[in-house]
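# Inside the fold
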Amino acid sequence: GSRLPGSRRLLRGNGSRIRSASLRRRILSASSSAEMGKMTDDGPVVKDLVLIGGGHSHVYVLKMFGMNKLPGVRVTLVAKEVNTPYSGMLPGHIAGHYTWDECHVDLRPLCTFAGHRLIHDEAVSIDYKNKRIVLKNRPPIPYDAVSIDIGITPAASVAGALDFTT
């Protein structure tokens with residue numbers, strides 16, 4: 001295993017923090033480095049990190065990996081929607097304080113900035129045996145490490161909730 005510098009922190013979905021060096025070590029040790037993929041500007045792809053969903057934590061991970069690239073790690077975001085809502089601003093949107101655009105994150109420019117792949121599709125299952133994410137409208141994609149953060153889904157039973165759902 002490679003020794004990786006860094007003490008920056010990443011947020012988990014529950015708000016607690018994890019060390020990015022720890023996450024980096026897990027990603028780099030997820031599979032044999034003998035299985036190499038396509039070349040990138042940073043060299044061959046030796047690990048595929050797939051993020052399913054555009055939730056808060058994944059937005060942060062995309063940004064941090066864009067600012068602190070790991071050679072050999074390809075980050076792919078699979079998102080059903082490319083505009084992800086920021087749930088903390090939903091009450092302000094309903095009250096008329098924020099526009100729809102102000103309380104959503106457009107994942108396309110974030111992925112472009114960071115050099116990540118964006119697949120606009122829905123993940124329907126995970127093939128653990130073959131380490132592949134099965135998509136609704138595209139062929140399966142391989143992964144070495146996967147994270148799921150699909151964000152919020154308003155309860156359809158609440159009057160008017162579906163008016164603010166993507």
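Above this text is the structure in question.
This write-up is about the structure you can find in this document. What you see is a predicted model; the values in this text were computed from it and never measured.

Another point: the overall build of the protein. In terms of regular secondary structure, the protein is built from four helices and 13 strands. Put simply, the protein has 166 residues, and 37% of those count as buried. For the protein, the proportion of contacts with a sequence separation of at least 24, taken over those separated by at least 6, is 56%. Per element, the accessible surface of the protein, about 10000 Å² overall, is 53% carbon and sulfur.

Attention now moves to the sheet that holds strand 9 (residues 117-120). Read from one edge of the open sheet, four strands run 9-6-5-13, paired in parallel fashion. Each of the sheet's edge strands pairs with one partner strand only, and the pair in question is strand 9 and strand 13 (145-148). Along the sheet, successive strands turn relative to each other by an average axial angle of 20°, direction set aside. As paired strands, strand 5 (residues 47-52) and strand 13 are joined by four bridges and run parallel to one another. Bridge pairing links Ile52 to Ile148 in strand 13. Its contacts with the sheet put helix 2 (residues 56-67) on strand 5, strand 6 (73-79) and strand 13, and the angle it makes with strand 5 is roughly 145°. The strands touched by helix 4 (residues 107-114) within the sheet are strand 6 and strand 9, with strand 9 carrying the most contacts at an inclination of about 155°.

Per the stated rule, a full pass over the model turns up three salt bridges. Asp48 is the salt-bridge partner of Arg74, the closest N and O atoms lying 2.6 Å from each other. Separated by 26 residues along the polypeptide, Arg74 in strand 6 and Asp48 in strand 5 bring together distant segments of the chain.

The next subject is the nonpolar core. Among the nonpolar cores identified, the biggest contains 14 residues, and Leu49, Leu51, Leu62, Phe65, Val73, Val75 and Leu77 are the most heavily contacted of them. Of all elements in the fold, only strand 5, helix 2, strand 6 and helix 4 reach the threshold of two or more residues within this core. Here this core takes four residues from strand 6, the largest share from any one element. One finds Val50, Ile126, Ile133 and Tyr143 within the second-largest nonpolar core, a separate group that totals nine residues.

This brings us to unusual backbone geometry. You will see that Lys131, though not glycine, has its phi angle at about 55°, which is positive. Note that Lys131 resides in the loop between strand 10 (123-127) and strand 11 (132-135). Given a relative accessible area of 26%, Lys131 falls into the partly exposed group.

Calculation rules
- In this convention, every chain numbers its residues from 1, walking through the sequence in written order.
- Totals for whole chains, interfaces and linings use every residue, but because this is a predicted model, local features are given only for residues with pLDDT of at least 70 and side-chain atom pairs only at 80 or more, for both listing and counting.
- Side-chain calculation: all heavy atoms of the structure are included, whereas hydrogens and water are not.
- Here a strand is any run of E in DSSP of at least two residues, a helix any run of H or I of at least four, and the numbering for each starts at the N terminus.
- Buried, partly exposed and exposed residues are distinguished by accessible area as a fraction of the type maximum, computed with a 1.4 Å probe on protein chains only: under 20%, between the cut-offs, and over 50%, respectively.
- Contacts: residue pairs with any heavy atoms within 4.5 Å of one another.
- We get accessible surface area from the Shrake-Rupley algorithm with a probe of 1.4 Å; when it comes to residues, only the shown protein chains can shield them.
- Here a strand pair is declared whenever DSSP counts at least two bridges between the two strands.
- Every axis in this analysis is a line fitted to C-alpha atoms, fitted for helices over the stretch in contact. Angles between the N-to-C directions lie between 0 and 180 degrees.
- The salt bridge definition used is simple: a Lys or Arg side-chain nitrogen within 4 Å of an Asp or Glu carboxyl oxygen.
- Buried residues of nine kinds, namely Ala, Val, Leu, Ile, Met, Phe, Trp, Tyr and Cys, make up a nonpolar core once their side-chain atoms join them within 4.5 Å.

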